[in-house]
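Here's the letter readout for the chains.
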Amino acid sequence: MKAGTVAVIGRANAGKSTLVNVLVGEKVAIVSPKPQTTRDRILGILNEVGAQIVFADTPGIYKAGTALSGRMLRTAENTAKDVDLILYVHDGHKGVSGEDIALMRRYQGFGVPMLVAYTKTDIMPAEQIPQDVKAICEGGVDCDVYLVSARKGRGVEKLHAAIVAALPEGEPLFPENVLSDKSERFMLGEIVREKILLKYEKEIPHGIAVLITKFERGERMCEVHADIVCEKPNHKAILIGRQGAALKEALSFARRDMEKFLGCKVFLTGYVRVKEGWRDSANLLKEFGYSDAEKGN
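The written sequence of each chain sets the order in which its residues are numbered from 1. At least 70 in pLDDT is required for a residue's local features to be given in this predicted model, at least 80 for side-chain atom pairs to be given and counted, and no such filter applies to totals for whole chains, interfaces and linings, which use all residues. Side-chain measures were taken over the full set of non-hydrogen atoms in the model, leaving aside hydrogen atoms and water.

As a further point, take the sheet that holds strand β7 (residues 209-217). Strand order in the open sheet formed by 3 strands is β7-β8-β9, and the pairing between neighbours is mixed. Strands with a single pairing partner mark the edges of an open sheet, and in this sheet they are β7 and β9 (265-274). Neighbour to neighbour, the strand axes of the sheet diverge by 15 degrees on average, direction disregarded. Any two residues whose heavy atoms approach within 4.5 Å at even a single point are treated as in contact. Angles here are taken between N-to-C directions and fall from 0 to 180 degrees, while the axes themselves are lines fitted to C-alpha atoms, restricted in helices to the stretch in contact. Under the DSSP-based scheme used, a helix requires at least four consecutive residues in state H or I and a strand at least two consecutive residues in state E, with every element numbered from the N terminus. The sheet strands contacting helix α6 (residues 184-199) are β7 and β8 (221-230), and the helix crosses β7 at an angle near 130 degrees. Sheet contacts for helix α7 (residues 233-240): β8 and β9; angle to β9, the most-contacted strand, approximately 155 degrees. One bridge is not enough; two strands pair if DSSP finds at least two bridges between them.

The next point concerns the packing of aromatic side chains. Working definition: rings of Phe, Tyr and Trp (its six-membered ring) pair if their centres are within 6.5 Å, and the pair is stacked with planes under 30 degrees apart, edge-to-face with planes over 60 apart, and tilted otherwise. In this structure the tally under the stated criterion is 3 aromatic pairs. Measuring from ring centre to ring centre gives 6.2 Å for Tyr 88 and Tyr 107, while their planes differ by 55 degrees; the resulting arrangement is tilted. With Tyr 88 in strand β4 (residues 85-91) and Tyr 107 in helix α3 (residues 98-108), this residue pair connects regions lying 19 residues apart in the sequence. Buried, partly exposed and exposed residues are distinguished by accessible area as a fraction of the type maximum, computed with a 1.4 Å probe on protein chains only: under 20%, between the cut-offs, and over 50%, respectively. With a relative accessible area of 1%, Tyr 88 lands in the buried category. Three or more aromatic residues link up through ring pairs in this structure, and these residues are Tyr 88, Tyr 107 and Phe 110. By definition here, charges over rings are those cases where NZ of Lys or CZ of Arg is within 6 Å of the ring centre and within 35 degrees of the ring normal. Over the ring of Tyr 200 we find Lys 199; its NZ or CZ atom is 5.9 Å from the centre of that ring.

The next subject is the pattern of salt bridges. The salt bridge criterion pairs a side-chain nitrogen of Lys or Arg with a carboxyl oxygen of Asp or Glu, the two atoms within 4 Å. This structure, assessed with the given rule, holds 17 salt bridges. A salt bridge links Arg 151 to Asp 122; the shortest N-O distance between them is 2.5 Å. Note that Arg 151 is positioned in the loop between β6 (145-147) and α5 (156-166) and Asp 122 in the loop between β5 (114-119) and α4 (128-138), a separation of 29 residues in sequence. We note a salt bridge from Arg 273 to Asp 227, for which the minimum N-O separation is 3.4 Å.

Attention shifts here to the pairing of β7. It is a general feature of regular strands that their side chains alternate between the two faces of the sheet. By the bridge criterion, 8 bridges tie β7 to β8 in an arrangement that is antiparallel. The residue bridging Val 210 from the neighbouring strand is Ile 228, located in β8.

The next subject is the nonpolar core. Throughout this description, the term nonpolar core refers to a set of buried Ala, Val, Leu, Ile, Met, Phe, Trp, Tyr and Cys residues connected via side-chain atoms within 4.5 Å. Ranked by internal contacts, the top residues of the largest apolar core, which has 27 residues, are Leu 188, Val 192, Ile 208, Val 224, Ile 228, Leu 239 and Met 258. Of all elements in the fold, only α6, β7, β8, α8 (245-262) and β9 reach the threshold of two or more residues within this core. Of the residues forming this core, the biggest block, 7 residues, is contributed by α8. Counting 26 residues, the second largest nonpolar core, distinct from the first, contains Val 89, Leu 115, Ala 117 and Val 156.

In this structure, Asp 257 sits in helix α8. With a relative accessible area of 19%, Asp 257 lands in the buried category. The contact partners of Asp 257, leaving out residues within four places of it in the chain, are Lys 27, Ile 191, Glu 194 and Lys 195.

Hydrogen bonds along the backbone pair up the strands of a sheet, which may run parallel or antiparallel. Pairing within the open sheet is mixed, and its 6 strands lie in the order β2-β3-β1-β4-β5-β6. Two strands lie at the open edges of the sheet, namely β2 (42-48) and β6, each paired on one side alone. Ignoring strand direction, the axes of neighbouring strands in this sheet form an average angle of 25 degrees. For β2 and strand β3 (residues 51-57), the ladder comprises 7 bridges, and the chain directions are antiparallel.

Right, here's the structure in full:
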């Protein structure tokens, strides 16, 4: 059978997590229209007849401005060097620049087989696509380019077939019943963070971390406590909202997704905490579960 790992790489907001969720057939990574939604490497495992594909969804390539974003960039780089295939996801809606081609060539230079998924084809002029594909190929990117709309499901089957064909023969890397390498606690925290990313504007979501401090399963209900960590007191006031209305709404949306994920009723409580400068604190980054891919912890 075919079995192997696929690093899903690309700029921030290129649609990597959406594409991984569609390819796996389950939601394994949160999505939002804001950069830096994915902060850590998340494995999504697709088991099918004759193949196991382990997708490694990575943080988007983004200019490092904090210790956290620096760790995110190292995670993407190091993941791409230790897989069987690189799937470089490019946001076709933004066109193709010289910098885009340079990034593709950089990752192809790692010596790992690579495919390019040119995404968001459903929201761009059709006449632009052939020009962009030509620019990629003539720019020295020596791999196949697949046109995809994850949102519409277009081109996904063809891309999937190409991924399977590129993987080596081998035994499964994970048991068949495993969907991801992340714990339920991690996924619950990501659900809360996704709703905050979708609800709140401007810089506030980027300074948010979510830590699940309590997760207990009962016979009919799960109890979940979440600490929502922000960087400034005024951000705390915005997160909570007038008489707690904003936080209540965000947690209500999160609870619904938690119930779908866990398959039971959820009692969710959220607390907003202020930890100034946490994104540049090595100790707090470790406490909040953001590993340093370079140091291996």
